[in-house]
Amino acid sequence: MKKAVFRVDASSEIGGGHVGRCLALGAALSAIGWSVVFASRPGTATAAPLLVESGLQIIDLDCAVEPFAEAEKIITSLGERPHLLVVDHYGLGAEYENAFRRVAGLVAAIDDVPGERPHLVDILIDGTPGRQGHDWSPHVPKAALILAGTRYALVRASVVDMRQEALSRLRRNEVRKVTIFFGMADKQKATLTAMLATRAAFPQAQMDVIAGAAVRHLAEIKTVAGAVGASVSVSPSDYLDRLVASDLAFGAGGVAAIERACLGVPSIAIETAMNQKQVIEALEISGALINAGPIKQMNEERMVPILKEAAQELNRISKCAAATIDGLGARRAAQVLSQYVEKAV
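Analysis parameters
Residues numbered from 1 in each chain as written. Predicted model: local features only at pLDDT ≥ 70, side-chain atom pairs only at ≥ 80, totals over all residues. Heavy atoms only, no water. Core = buried A, V, L, I, M, F, W, Y, C linked by side-chain atoms within 4.5 Å. Buried < 20%, exposed > 50% of the residue type's maximum accessible area, 1.4 Å probe, protein only. Contact = heavy atoms within 4.5 Å. Helix = DSSP H or I, 4+ residues; strand = E, 2+ residues; numbered from the N terminus. Polar contact = N/O pair within 3.5 Å; in protein donor to acceptor, adjacent residues only side chain to side chain. Pairing = 2+ DSSP bridges. Axes fitted to C-alpha atoms, helices over the stretch in contact; angles between N-to-C directions. Salt bridge = Lys/Arg side-chain N within 4 Å of Asp/Glu carboxyl O. Phe/Tyr/Trp six-rings, centres within 6.5 Å; stacked < 30°, edge-to-face > 60°. Lys NZ or Arg CZ within 6 Å of the ring centre and 35° of its normal. Parallel < 35°, antiparallel > 145°, perpendicular 65-115°, else oblique. Left-handed = near helix turned anticlockwise from the far one by under 90°. Nonpolar A, V, L, I, M, F, W, Y, C, P; charged D, E, K, R; others polar.

The next subject is the nonpolar core. In terms of nonpolar packing, the biggest core is built from 38 residues, with Met195, Phe250 and Ile268 touching the most fellow members. With residues up to four places along the chain from it excluded, the contact list for isoleucine 268 reads Leu248, Ala249, Phe250, Gly251, Arg260, Ile290, Ala292, Met303, Ile306, Leu307 and Ala310. Listed in part, the 34 residues of the second largest apolar core include Leu154, Ala330, Ala333 and Val341.

Right, here's the structure in full:
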């Protein structure tokens, strides 16, 4: 049985998006017979409950924050050399990937910011909408395999499983329920302004606010929610059911925006981190969401007309979103990786 190790972290600082897309690819590899293991720094499981819920083995990297120490911890914990080690981490680049070559057959990276750091890998995966292979060519070895664009957008299996149900829902241009979710950490406190703007735009709408497990300003969120009549849940297990049941979603870019598009949920996206810019703009071009710009421009007065505009386009946005992200990216990537490993053995 082929084995893959995912080196990924989650925290209040970096959120849980990296874990989400690694789980997507890991599930796709498991479905074709691979054994999948995660290797993460302490605190990751707390910040990203989905990792624990997956039931996968987690190697706790309670060693020195140093590439060769981590590599040694991984191989000691496994007791064998994995066929593939996948790195998804903005803080880890060529130095770590070089160290991991000592303990793995092949090394891959999942990244979405070309040029931010060099990579010493055999495979590079970037499912960002609009991304092309040549965007990464100067930043990886010449022989590296590059999987880029929406064909390789890594969407979790649980999202894909709900896609048909979500797309069968008849959508009218009427906002009765709004779901607000700005990631596992929401460091920019976007949720607070989103609640105020949503209530001003839709006085009668139900507002379902989701707070991530790593959010540090939960008390503030609950205070504002009480003032505007919104319900608040922390990392609820039925998040996807709530999302599918909403008429409009309000959230960040990145992994969450791709998941909303896969489900055909009309959404307004706020850029809360620089790496989300490409995702949001590409999805906007395809009609898959309403781009409300960067977080620094977000305020109640500006957001109300954007929300009202979106309410007139729900059906169109839903169709465009579903057509843009088909949910098969992780499956495609897993098949390519498996074939690549077979040839390399």
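Along the chain, the position of serine 12 falls in the loop between strand 1 (3-8) and helix 1 (17-31). Owing to a relative accessible area of 14%, serine 12 belongs among the buried residues under this scheme. Here the side chain of serine 12 touches arginine 216 through a polar contact of 2.7 Å, side chain to side chain. Discounting residues that sit within four places of it in the chain, serine 12 has contacts with Ala185, Lys187, Ala214 and Arg216.

Here we come to the sheet that holds strand 13 (residues 290-294). The strand order across the open sheet built from six strands is 10-9-8-11-12-13, with neighbouring strands paired in parallel fashion. At either margin of the open sheet sits one strand with a lone partner, and together these are strand 10 (231-234) and strand 13. Each strand of the sheet is rotated relative to its neighbour by a mean of 15°, with strand direction disregarded. Where strand 11 (residues 248-252) and strand 12 (residues 267-271) come together, four bridges link them in parallel fashion.

Right, let's talk about the pattern of salt bridges for a bit. Considering all chains together, one arrives at 23 salt bridges under this definition. With a shortest N-O distance of 2.6 Å, arginine 21 and aspartate 88 are connected by a salt bridge. With arginine 21 in helix 1 and aspartate 88 in strand 4 (residues 84-88), the pair connects residues that are 67 residues apart, well separated along the chain. For arginine 21, a relative accessible area of 9% translates into the label buried. Aspartate 88 gets classed as buried once you look at its relative accessible area, which sits at 1%. Across the pair aspartate 62 and lysine 73 runs a salt bridge, and its minimum N-O distance is 3.1 Å. Of this pair, aspartate 62 sits in the loop between strand 3 (57-60) and helix 4 (67-78) while lysine 73 is found in helix 4, placing the two residues 11 residues apart along the sequence. Judged by its relative accessible area of 51%, aspartate 62 falls in the exposed class.

A few words now on the packing of aromatic side chains. Counted under the stated rule, the structure contains four aromatic pairs. Between the aromatic rings of phenylalanine 182 and phenylalanine 250, the centroid separation amounts to 5.8 Å while the plane-to-plane angle is 55°, which identifies the pairing as tilted. Of the two residues, phenylalanine 182 is situated in the loop between strand 8 (177-181) and helix 7 (190-201) and phenylalanine 250 in strand 11; the sequence distance between them amounts to 68 residues. Among the residues examined, phenylalanine 182 registers a relative accessible area of 4% and is labelled buried. Classification of phenylalanine 250 as buried rests on a relative accessible area of 2%. Across from the ring centre of tyrosine 152, 5.9 Å away, lies the NZ or CZ of arginine 151, which sits over that ring.

At a closest axis distance of 8 Å, the pairing of helix 7 and helix 12 (residues 300-311) adopts a crossing angle of 55°. Comparing their axes, helix 12 and helix 7 come out oblique. As helix 7 packs across helix 12, the resulting crossing turns out to be right-handed. Mapping the contact onto sequence places Thr193, Leu196, Ala197, Thr198, Ala200 and Ala201 in helix 7 and Glu300, Met303, Val304, Leu307 and Lys308 in helix 12. The residue makeup of the contact of helix 7 with helix 12, split by class, is seven nonpolar, two polar and two charged.

Here we come to the sheet that holds strand 4. Through backbone hydrogen bonds, the strands of a sheet pair up, either in parallel or in antiparallel fashion. Read from one edge of the open sheet, seven strands run 3-2-1-4-5-6-7, paired in parallel fashion. Either end of the sheet is taken by a strand with one partner, and the two such strands are strand 3 and strand 7 (145-148). Within the sheet, the average angular offset between the axes of one strand and its neighbour, ignoring direction, is 20°. Examined bridge by bridge, strand 6 (residues 123-126) and strand 7 share four bridges and lie parallel to one another. By the bridge assignment, aspartate 126 is partnered in strand 7 with alanine 148.

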